[in-house]
Structures are given as structure tokens and as C-alpha cells.
Amino acid sequence: MIVTALESAALSELATELADAGLPTSDLGGPDRRFFRFEDNVGIAGYGGMEGDGPDRLLRSLVVTAGRRSSGLGTAILGAIEKAATEDGVASLYLLTTTAEPFFRRHGYVPTNRADAPDAITGSAEFRSLCPASAALLSKRIV
């Protein structure tokens, strides 16, 4: 899989995919965000990234492109994001989801009480307002 870091100018392609999947797009250009495009020999497989700059980061916007879902690409993309996070010194990844909890639980993420989330996570716009309060908070220790 080819992993390409997205520059600010390329965030519109990510925003289109996220909007089509019903995921938040309003803060993609904010600080401390790293997004990636994932491609294989067929073409663009999906996108994903993370937010933050400390040992606890928010997994953001993992999406597999339409027509390519249910083929293992989500697992490959998640693995690549976790690898990038580990290389950046991240200890734990957190995420919010309203639809993909079973997928993430299969990959070692566990339900986490919102009151126990670190400040780096609770201070994010995704935690405070972009995701509904009903969204599941999951976390995984990756080191």
C-alpha cells in the first residue's frame, strides 16, 4: 500500500470522501492534524489520520472509498495509521464513532469512559462538538 501525507491543498479530496461517509469535515485544516491517502494497484483505497501532538492522539477520519469496502482495506489503513503513530511516539490512540465500533473492537480498541479521556482528547473539537455525545469513545494502547 502506498501512503501519501496530504498537504493542505489536498484536503478537499479527503473532505469529499468524509462528507459522503457522513463524517465531520469542518476542522480538517486545523493545527496538529496529519492526514494520509492510501492507494494500491487498483487506485485510491481510502484516507485516515490523527490529531494531536503528544502521547495520546485522536484517530481521525478513517474511511475506505466507496466500492472498496469489506475487502480488508480498512484493516490495512488502520495498521498503517497505528504504525505512523508509533513512529511519532504515540502511546495511545482514541477515537469516536457512531457506526464502526465493532470494526475497531476487533482490532483491539476498547470502550473508554468519556470522563477518563485525557485532556488532549477532551479538548478536541471532535470530542467537544463535532461528534454527538452518543458516539462511542474507544482507545488502544499501541506501544
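To be clear, the structure that these remarks concern was listed above.
Summary of the structure given here. (Residues numbered from 1 in each chain as written. Predicted model: local features only at pLDDT ≥ 70, side-chain atom pairs only at ≥ 80, totals over all residues. Heavy atoms only, no water.)

Observations regarding the pattern of salt bridges
The tally for this structure, following the rule as stated, stands at 13 salt bridges. For E126, the salt bridge is made with R60, and the minimal N-O distance between the two is 2.5 Å. Remark: R60 occurs in strand β4 (residues 56-64) and E126 occurs in helix α5 (residues 125-130); sequence separation between them is 66 residues. The pair formed by E126 and R60 is uniform in burial state, with each residue classed as buried. A salt bridge links E82 to K140; the shortest N-O distance between them is 3.2 Å. Placement of the pair is E82 in helix α2 (residues 73-87) and K140 in strand β7 (residues 136-141), with a sequence separation of 58 residues. The buried category is assigned to E82, whose relative accessible area is 13%. Among the charged side chains, a salt-bridge network with shared partners connects D27, R33, E51, R60 and E126. (Salt bridge = Lys/Arg side-chain N within 4 Å of Asp/Glu carboxyl O. Helix = DSSP H or I, 4+ residues; strand = E, 2+ residues; numbered from the N terminus. Buried < 20%, exposed > 50% of the residue type's maximum accessible area, 1.4 Å probe, protein only.)

Quick notes on the nonpolar core
Judged by nonpolar contacts, the single largest core of 21 residues is most densely connected at L59, L78, F104 and Y109. Listing elements by their share of this core, those giving two or more residues are β2 (33-40), β3 (43-51), β4, α2, β5 (92-97) and α3 (101-106). (Core = buried A, V, L, I, M, F, W, Y, C linked by side-chain atoms within 4.5 Å.)

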